[in-house]
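Next come the chains, spelled out residue by residue.
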Amino acid sequence: MLMAMGRWDGGLALFLATGQLDINPLNVHLHVAFLHLPVMLAWIISMFVMSGLIATLVSINVMALVWLERKISGLIQSRMGPMMVNIIQPRAWATNHKNGFLKWMSVWFGGWLQTLADGVKLLMKEDIIPTKADKWVFISAPVVVFTASILGYSMIPFAPNFPVIKDLNVGFLLILAAGSYAAIGILMAGWSSNNKYSMLGGMRSAAQIISYEIPLVLSLLGVVMMAGSLKMEDLVNAQRTIGDHHGHWFIFYQPIAFLIFLISGIAETNRPPFDMPEAESELVSGFNTEYSGFRFSVFFLSEFSAMFLNSALAATLFFGGWSGPGAENPFIAFLWFFAKTYFVVLLFMWIRWTFPRFRIDQLMEFGWKVLTPLALANILWTGIEIALAKANGYHHQYLYIWIPILAMFVLRAVVPKSKRAKIRELIPSTGIEA
């Protein structure tokens, strides 16, 4: 059923309107003679069902991400709660096992009650709306942010011929547009709170998202140039070996683009070290200062949802998406997709718990003076690379893309240290605050 829900040519809406359901990859053919709803009603019902399905899957996945983040933070920073909070003798369970397998189990499955306790705490907190807040904008802001964080899932191909809703010809651009939409909700939250710290957090978020959206989009243009399409399914197929076409993951052709995308994606989702909109040391809690209880948890949910969406996009554009050995089977394709996505998620989490926060001026300079010029240079070199590859019959593509990286090492050896120090001033230092 899932394989066809989002497709009008064999999906839920067509089933409700005609009583016929054909799921070709699974060889399922169903006919219900009495089911003939009006087309518009069938379409509306299918949209509600799909929206509910996406929201449910995102919520369940976020629970897994929260648990994983706490485990990563506990391992990197030796945090006791995520490692030991459990029902039966937490300290003994986490530390006193002599068996290697039990020790491994205690490290990864001890402390699971910490996440449950945090969830219960958020839901039990009193829901407070400031007296002088703009009530309806204040209430709507978390909904807008959460909606923006899940819109992009509708175009992600999780398996062969399976986008959740529709694989549009401009699906690539629509996913990026949906991510930028979150800035409106954050601005709404900051402005409606009638709090100067919240307002500053909202303004910072808008400036940050706009600044880092530019290098993020530019970094992906190299991938689009090589694939020759904006359609997500085409971008996956361009990285597969099909017949005479020998495709390779774009991470090998576009390593600089992937690095720019990863950094910009972290900034887009307001995660450390780019969490300027909610810098506790400066803005109390930023745009969400006046939020509590369930509404605060919606912002928290949106952050993890956006992080997973960015990771899914990176897996699709740079790591071949669902492609892999045995990916003709839809279930194995799903496993390949989620394995690659969670690999990128681990990169997001590792960076969060390793690097300290930038200052706001360093953050803006890094986006405009380092990442944007580097992304433009990558586009220029990608065009040169494509031209050279065509001239040589596509035999030296890997060699061409690594030339600028080798050139950087040569420049480092040639340029005097005094000159390198001036260039390094444009790149923010990471020794600002813990």
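Note on numbering: residues in each chain are counted from 1, in written sequence order. A pLDDT threshold of at least 70 governs which residues receive local features in this predicted model, and a stricter bar of 80 or more applies before side-chain atom pairs are shown or counted, although totals over entire chains, interfaces and linings include all residues. Note that the side-chain values use all heavy atoms of the structure and ignore hydrogens as well as water.

*Asks:* What's the story with the pattern of salt bridges in this structure? I'm lost.
*Replies:* Close approach of charged atoms allows side chains with opposite charge to pair. Salt bridge criterion: a side-chain nitrogen from Lys or Arg within 4 Å of a carboxyl oxygen from Asp or Glu. Throughout the structure, instances matching the rule amount to five salt bridges. In this structure, Arg271 engages Glu303 in a salt bridge whose closest nitrogen and oxygen atoms are separated by 3.1 Å. Of this pair, Arg271 sits in the loop between helix H13 (255-268) and helix H14 (280-283) while Glu303 sits in helix H15 (residues 293-318); the two residues are 32 residues apart in sequence, bridging distant segments of the chain. Here the term buried applies to any residue with accessible area under 20% of the maximum for its type, exposed to any over 50%, and partly exposed to those in between, with areas from a 1.4 Å probe on protein chains only. When its relative accessible area of 0% is taken as the criterion, Arg271 is described as buried. The exposure class assigned to Glu303 is buried, which follows from its relative accessible area of 13%. Between Arg352 and Glu303 there is a salt bridge, with the nearest N and O atoms lying 3.6 Å from each other. Of the two residues, Arg352 sits in helix H16 (residues 330-352) while Glu303 sits in helix H15, which places them 49 residues apart along the sequence. A cluster of three or more residues bridged by salt bridges with shared partners is formed by Glu69, Arg271, Glu303 and Arg352. Only DSSP runs of H or I with at least four residues qualify as helices, and only runs of E with at least two residues qualify as strands; both kinds are numbered from the N terminus onward.

*Asks:* I would appreciate a short explanation of unusual backbone geometry in the present structure.
*Replies:* Trans is the prevailing form of peptide bonds, just as negative phi is the prevailing case for residues other than glycine. We note that Asn194 has phi near 60°; this positive angle belongs to a residue other than glycine. By secondary structure assignment, the location of Asn194 is in the loop between helix H9 (182-192) and helix H10 (196-227).

*Asks:* Quick question: what am I supposed to make of helix H8 (residues 171-180) here?
*Replies:* Given 3.6 residues to a turn, an α-helix orients residues that are three or four positions apart in the same direction. Every buried residue belonging to H8 is among Gly171, Phe172, Ile175, Leu176 and Ala178, and all of these are buried. The arc that holds every buried residue of H8, seen down its axis, measures 155°, which confines them to one face. Contacts are assigned to residue pairs that have any heavy atoms within 4.5 Å of one another. On the buried face of H8, the contacting elements are helix H7 (135-151), H9, H10, helix H11 (232-237) and H15. By definition, the arc is the one covered by directions from the helix axis to the C-beta atoms.

*Asks:* What's the story with the packing of H10 against helix H17 (residues 360-391) in this structure? I'm lost.
*Replies:* Two measures define how a pair of helices packs: the angle their axes make with one another and the distance between the axes. Think of each axis as a best-fit line through the C-alpha atoms, taken over the contacting stretch in the case of a helix, with angles from 0 to 180 degrees between the N-to-C directions. For the pair H10 and H17, the least separation of the axes is 9 Å and the interaxial angle reads 15°. With respect to each other, H10 and H17 are oriented roughly parallel. Of the two possible hands of crossing, H10 and H17 adopt the one that is left-handed. Residue type decides the class: Asp, Glu, Lys and Arg count as charged, Ala, Val, Leu, Ile, Met, Phe, Trp, Tyr, Cys and Pro as nonpolar, and the leftover types, Gly among them, as polar. Looking at side-chain class alone, the contact of H10 with H17 contains 18 nonpolar, nine polar and two charged residues. By the definition adopted for this analysis, an angle is roughly parallel if under 35 degrees, roughly antiparallel if over 145, roughly perpendicular if from 65 to 115, and oblique otherwise. Note: crossing handedness is left-handed where the near helix turns anticlockwise from the far helix by less than a right angle, and right-handed where it turns clockwise.

*Asks:* Honestly, the nonpolar core in this entry has me stumped. Any pointers?
*Replies:* Only buried residues count toward a nonpolar core. Its members are Ala, Val, Leu, Ile, Met, Phe, Trp, Tyr and Cys residues joined through side-chain atoms within 4.5 Å. In terms of nonpolar packing, the biggest core is built from 71 residues, with Ile156, Leu220, Phe274, Leu313, Leu317 and Phe318 touching the most fellow members. If you tally residues by element for this core, the top one is H15, at eleven residues. When sequence neighbours within four positions are dropped, the list of residues in contact with Phe318 reads Leu220, Val223, Gln239, Trp249, Phe250, Ile251, Gln254, Ala257, Phe258 and Phe261. The next biggest cluster of nonpolar side chains, apart from the first, holds eleven residues, and it includes Ala141, Val144, Met188 and Ala189.

*Asks:* Just checking my understanding: could you explain the confidence of the model for the chain for this structure?
*Replies:* Low-pLDDT stretches of the model should not have their predicted coordinates read in fine detail. Across the chain, pLDDT averages 75, with 71% of residues at or above 70. Helix H4 (residues 90-95) is the least confidently modelled element of the chain, averaging 48 in pLDDT, while H13 averages 88, the highest of any element. Looking at any residue, its pLDDT shows the predictor's confidence there, from 0 to 100. Taken together, the stretch residues 1-10 has pLDDT below 50 and engages in 33 contacts with residues farther than four places along the chain or on a different chain. For the stretch residues 429-434, pLDDT sits under 50, and the model shows twelve contacts to residues farther than four places along the chain or on other chains.

*Asks:* What exactly am I supposed to notice about the packing of H15 against H16 here?
*Replies:* Put simply, H15 and H16 touch, their axes get as near as 8 Å, and they point 125° apart. One finds that H15 runs oblique with respect to H16. For the crossing formed where H15 meets H16, the hand is right-handed. Contact residues: Glu303, Met307, Phe308, Asn310, Ser311, Ala312, Ala314, Ala315 and Thr316 in H15; Phe337, Phe338, Lys340, Thr341, Tyr342, Val344, Val345, Phe348, Met349 and Arg352 in H16. Along the lines of polarity and charge, the residues of the contact of H15 with H16 split into twelve nonpolar, four polar and three charged.

*Asks:* How should I be thinking about the packing of aromatic side chains in this particular structure?
*Replies:* Each aromatic ring pair is specified by the distance between its two centres and by the angle formed by the two planes. Side-chain rings of Phe, Tyr and Trp, where Trp is taken by its six-membered ring, are said to pair if the distance between their centres is within 6.5 Å; with planes under 30 degrees apart they count as stacked, over 60 as edge-to-face, and otherwise as tilted. Taken as a whole, this structure holds 19 aromatic pairs when the rule is applied. Their ring planes at 70° and their centres at 5.0 Å tell us that Phe158 and Phe337 sit as a pair that is edge-to-face. Residue Phe158 is found in strand S3 (residues 157-159), and its partner Phe337 is found in helix H16; the two are separated by 179 residues along the sequence. For Phe158, a relative accessible area of 8% puts it in the buried group. Taking 5.8 Å as the distance between ring centres and 75° as the angle between the ring planes, the aromatic pair formed by Trp249 and Phe319 counts as edge-to-face. With Trp249 in the loop between strand S6 (245-246) and helix H12 (250-253) and Phe319 in the loop between H15 and H16, the pair connects residues that are 70 residues apart, well separated along the chain. One Lys or Arg, Lys135, reaches over the ring of Trp136 and ends 5.5 Å from the middle of that ring. Here Arg271 stacks its cationic end above the ring of Phe304, 5.7 Å away from the centre of that ring. Only lysine NZ and arginine CZ atoms are considered, and such an atom sits over a ring when it is within 6 Å of the ring centre and within 35 degrees of the ring normal.

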